Amino acid sequence: MAGNFRMLAKTLYGFEPLLAEELRNLGAGRVEEGVRNVSFEGDTGFMYKANLCLRTALKVMKPISKFRVHDEKELYRNVYQMDWPSLFGEDKTFAIDTTMSSDVFRNSMFVSQRAKDAIVDKFRAVTRQRPNVDSHDPDIRINIHLYRNNCTVSLDSSGPSLHQRGYRIATNIAPINEVLAAGLLLHSGWDGQTDFLDPMCGSGTFLIEAGMIACNIPANINREFYSFQHWNDYDADLHEKIVNASLNKTREFHHRIFGYDKAPSAVRKAQENVDNANLSDYISIERKDFFRTEKPTDSKLHMVFNPPYGERLQIDPDAFYARIGDTLKQDYPGTNAWLITSNLEALKHVGLKTSRRIKTFNGKLESRLVKYEMYEGSKKHRPTD
């Protein structure tokens, strides 16, 4: 596979500009934002690098065929005509994911089944053997996207979603998605130039993603597997060069990252994950109740956290959020404090004016990432908006 080709990186709602900027910084060509995706151009080495380094991507897709389709016979014929044995071996397992907005077909599972039949029949015709389907943990993932009469067939180069970084071996009751955490940190402007605190750190995801951003460590350096490693044209030497070149771009971090949680189990899990991410030199975790703490540093502090929403953790949301506001106001001067919540009613009880509000989603919950600027000194000396 010589030269550049078009790819598509999938992401979360509102992260398209962040992902586009990441791609440009990595060296992608012709970057174009879509809805929950960004398209771009690069070569095979860049595809490896995108999977390794992108913090806000969920998948990196390689479109391999586009055609118009008006019925199931046309779908079967076009998929059958593709040279599948040149892409992967019959010893590999595969699965097909179909997403669609089409009047031609009503059932995405039917589309996947017909495409599977076409691929298996092509292998039988060419090699007299067939690959097996594994819907749970396949070697090869194929994506079919149907929009009206237009069908795009892509190879999913990532395999399991890229939020599965490989460092998180222990989670708490309501863990935050790693890609969501990284995107929220980038939205907050975190760049590793100050101390950082997550005062309700749970399993430590914000802490680890903040450490990786601060040190410019590739997002998926702890991940063991990508689907492209099962493709026929996989170049292991090139992949190793990409990994080594990316690791050579890491940088020193001259500040500190703090994590608090009042639950002993959360502190234990967070420490395990930090150790697993090889970031224990930069991140310290303590069992503390945020409402009984003070700012741990005299210098500027960057805070990002995910307080309970009252959905899965039983709290009195209004009183809880009021205490967040009181603690920030009384004990955290010189702090840029960001929090994400889906409880917009409870958010009103923080009692502080937000300087930024960004719409996002935590899973299916519509949420807000909000910023509170806590100035040094007394209220009367604070700048006016």
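Scroll up for the structure.
Thresholds applied
Residues numbered from 1 in each chain as written. Predicted model: local features only at pLDDT ≥ 70, side-chain atom pairs only at ≥ 80, totals over all residues. Heavy atoms only, no water. Helix = DSSP H or I, 4+ residues; strand = E, 2+ residues; numbered from the N terminus. Contact = heavy atoms within 4.5 Å. Polar contact = N/O pair within 3.5 Å; in protein donor to acceptor, adjacent residues only side chain to side chain. 1 Å grid on protein atoms, 1.4 Å probe; cavity = no way out; pocket = protein on both sides within 12 Å on 5 of 7 lines; lining within 4 Å. Points joined across faces, edges and corners; volume = space filled by probe spheres on them. Axes fitted to C-alpha atoms, helices over the stretch in contact; angles between N-to-C directions. Parallel < 35°, antiparallel > 145°, perpendicular 65-115°, else oblique. Left-handed = near helix turned anticlockwise from the far one by under 90°. Pairing = 2+ DSSP bridges. Buried < 20%, exposed > 50% of the residue type's maximum accessible area, 1.4 Å probe, protein only. Right-handed = clockwise from strand over helix to strand, strands pointing away.

Caption draft 1: Seen up close, the environment of Ser161. Note on placement: Ser161 falls in the loop between strand S8 (150-156) and helix H5 (178-187). Residues Ser161 and Leu58, spaced 103 residues apart in sequence, show a C-alpha to C-alpha distance of 5.2 Å. Once you skip the residues sitting within four places of it in the chain, Ser161 turns out to touch Leu58, Lys59 and Arg223. Among the polar contacts made by the side chain of Ser161, one reaches the side chain of His163 at a distance of 2.8 Å.

Caption draft 2: Local environment of the layout of surface pockets. By volume, the second largest pocket amounts to about 570 Å³. Glu22, Asn25, Leu26, Arg55 and Asn216 are, among the 20 residues lining the second largest pocket, the residues nearest its centre. Elements with a minimum of two residues in the lining of the second largest pocket: helix H1 (16-26) and helix H2 (44-53). Element by element, the count of residues in the lining of the second largest pocket is highest for H1, at six residues.

Caption draft 3: Seen up close, the side chain of His230. Turning to its location among the elements, His230 is positioned in the loop between helix H6 (205-214) and helix H7 (236-247). Separated by 3.5 Å, the side chains of His230 and Asp139 make a polar contact. Apart from the residues within four sequence positions on either side, His230 is in contact with Phe88, Lys92, Asp139, Ile140 and Phe225.

Caption draft 4: Molecular detail of the packing of H2 against H7. Interhelical geometry of H2 versus H7 gives an angle of 50° and a closest axis separation of 9 Å. With respect to their mutual orientation, H2 and H7 come out oblique. Crossing of H2 against H7: the hand is right-handed. Here Thr44, Gly45, Tyr48, Lys49, Leu52 and Cys53 of H2 come into contact with H7, specifically with Leu238, His239, Ile242, Val243 and Ser246.

Caption draft 5: Examining unusual backbone geometry more closely. Its identity as a non-glycine residue notwithstanding, Arg36 has a phi of 60°, on the positive side. In this fold, Arg36 is placed in the loop between strand S2 (29-33) and strand S3 (37-42). Located in the positive-phi region is Arg128, a residue other than glycine, with phi close to 65°. Take Arg128: it is sitting in the loop between helix H4 (108-127) and strand S6 (132-133).

Caption draft 6: Quick look at the sheet that holds strand S14 (residues 356-362). Strands sit in the order S11-S10-S9-S12-S13-S15-S14 across an open sheet of seven strands; the sheet is mixed. A single partner strand is all that each edge strand has here, and the edge strands are strand S11 (283-287) and S14. Averaged over all pairs of adjacent strands, the angle between their axes in this sheet comes to 20°, without regard to strand direction. By the bridge criterion, seven bridges tie strand S13 (residues 335-341) to strand S15 (residues 365-374) in an arrangement that is antiparallel. Opposite Thr335, over in S15, you have Met374 as the bridge partner. The strands touched by H5 are strand S9 (195-198), strand S12 (301-305), S13, S14 and S15; relative to S14, the strand with the most contacts, the crossing angle is about 170°. Against the sheet, helix H9 (residues 317-331) contacts S12, S13 and S15, and its axis sits at roughly 170° relative to S13.

Caption draft 7: Broad picture of the pairing of strand S10 (residues 257-261). When you tally the buried positions in S10, you get five out of five residues, the bulk of the element. Of the two faces of S10, the one carrying Ile257, Gly259 and Asp261 and the one carrying Phe258 and Tyr260 are both buried. Where S9 and S10 come together, three bridges link them in parallel fashion. What sits directly across from Phe196, in S10, is Ile257. Bridge count for S10 against S11 is five bridges, and the pairing is parallel. Directly across from Gly259, in S11, lies its bridge partner Ile285. A crossover connection joins S10 to the parallel S11 through helix H8 (residues 264-276); in handedness this β-α-β unit is right-handed.

Caption draft 8: How the structure looks around the environment of Leu54. Within the fold, Leu54 resides in the loop between H2 and strand S4 (59-68). For Leu54, a relative accessible area of 0% translates into the label buried. Sequence separation between Leu54 and Met200 is 146 residues, and the spatial gap between their C-alpha atoms is 26 Å. Ignoring anything within four residues of it in the chain, the contact list for Leu54 reads Leu19, Glu22, Leu23, Leu26, Lys49, Val60, Arg165, Ala219 and Asn220.

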